[in-house]
Amino acid sequence: MQAVILAGGLGTRLGPLTRKIPKPMAPVAGAPYLEHQLRLLGEQSIRDIVLLTGYLGERIENYFGSGAALGLRIRYSRERQPLGTGGALREARRLLDDNFLLMYGDSLLPIEYAATVRRLKDSAALGAIVVYRDAAGDTGVQPNVALDRSGLVSRYDKGGGADLEFVEAGVSCFRREVLDLLPAGGPASFEQNVFPRLIERRQLAALPTLQRFYDIGTPERLRAIEEYLRAPARRDSSDVQLYYR
């Protein structure tokens, strides 16, 4: 199983913290945030990692190197100029497996990642995203996903809407051919360019989870993930309950 991590963001909302380090390297609970994410992948025997870097990407590459110190095999694809999530994936295509996990380098969802791969393989879809119903508003992210009765994504909109019950939780799985839906060159947003076309074709499946996700997008959220990672009795990710609607 291969995990691809989008790690090229600027992290402007973190202020001075990310002026000299890339956002995924923000210190959390005694280590760069990205190290916690990589260790969680390694604990689940996911050792083939592709990091899509950009802003200050050399800091990430110099710190983790080949990944051998963590028992991983890490390869890199670095943007020379900002290309967006879709452009970064397009540039890394030669490194990607036929099916790959996709994760954001600024969010943590402690679930059994193999379940996402199974959801994709058990469907005829080109992609599967994990979604979370945040009834209590703990994540601070407004709902952006609606599902139909068959468990497929029927709408994705970060602008919000009354029919949107779920939040995209930062973990997904795609077939490599989905990259054919991106423009041939230039900057591109994976979410804006690809998701609508998959939804129209009924080819974007969903995997709802009861496990909340954490992210480091703001100082307040950074404190929340710090508390979670320092908790003395974190739940084993393999025990996190997933459910189909």
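Preceding this paragraph is the structure being described.
This text gives an overview of the structure that appears in the document. Bear in mind that the values here come from a model prediction, so they are computed numbers and not experimental data.

Procedures and definitions
Residues numbered from 1 in each chain as written. Predicted model: local features only at pLDDT ≥ 70, side-chain atom pairs only at ≥ 80, totals over all residues. Heavy atoms only, no water. Phe/Tyr/Trp six-rings, centres within 6.5 Å; stacked < 30°, edge-to-face > 60°. Buried < 20%, exposed > 50% of the residue type's maximum accessible area, 1.4 Å probe, protein only. Helix = DSSP H or I, 4+ residues; strand = E, 2+ residues; numbered from the N terminus. Contact = heavy atoms within 4.5 Å. Polar contact = N/O pair within 3.5 Å; in protein donor to acceptor, adjacent residues only side chain to side chain.

Now for the packing of aromatic side chains. Counted by the stated rule, this structure contains 8 aromatic pairs. Measuring from centroid to centroid gives 4.8 Å for Y63 and F64, while their planes differ by 75°, and the two rings are edge-to-face. Residue classification places Y63 among the partly exposed residues on the basis of a relative accessible area of 44%. A ring pair is formed by F100 and F174, whose centres lie 6.5 Å apart and whose planes are at 40°; its orientation type is tilted. Here F100, found in strand β6 (residues 99-104), pairs with F174, found in strand β11 (residues 167-175); they are 74 residues apart in sequence, far enough to count as distant. Residue F100 shares its accessibility class with F174, and that shared class is buried. Each member of the aromatic cluster is reached from another via a ring pair, and the members are F100, Y156, F174, F190 and F195.

Take helix α4 (residues 114-121) next. Listed in full, the buried residues belonging to α4 are A115, T116, V117, R119 and L120. Buried-residue contacts for α4 involve β6, β8 (127-132), β11 and β12 (204-209).

With that settled, the discussion passes to the environment of R176. Examined against the element boundaries, R176 turns out to sit in the loop between β11 and α5 (190-193). The partly exposed category is assigned to R176, whose relative accessible area is 28%. C-alpha separation for the pair R176 and R93, spaced 83 residues apart in sequence, amounts to 7.7 Å. Contacts of R176, omitting those with residues within four sequence positions, involve R93, L96, D97, D98 and F100. Here L96 takes part through its backbone oxygen, which lies 2.7 Å from a polar atom of the side chain of R176.

One non-glycine residue, A29, lies in positive phi territory at about 50°. Turning to its location among the elements, A29 is positioned in the loop between β2 (27-28) and β3 (31-32). We classify A29 as buried; its relative accessible area is 17%.

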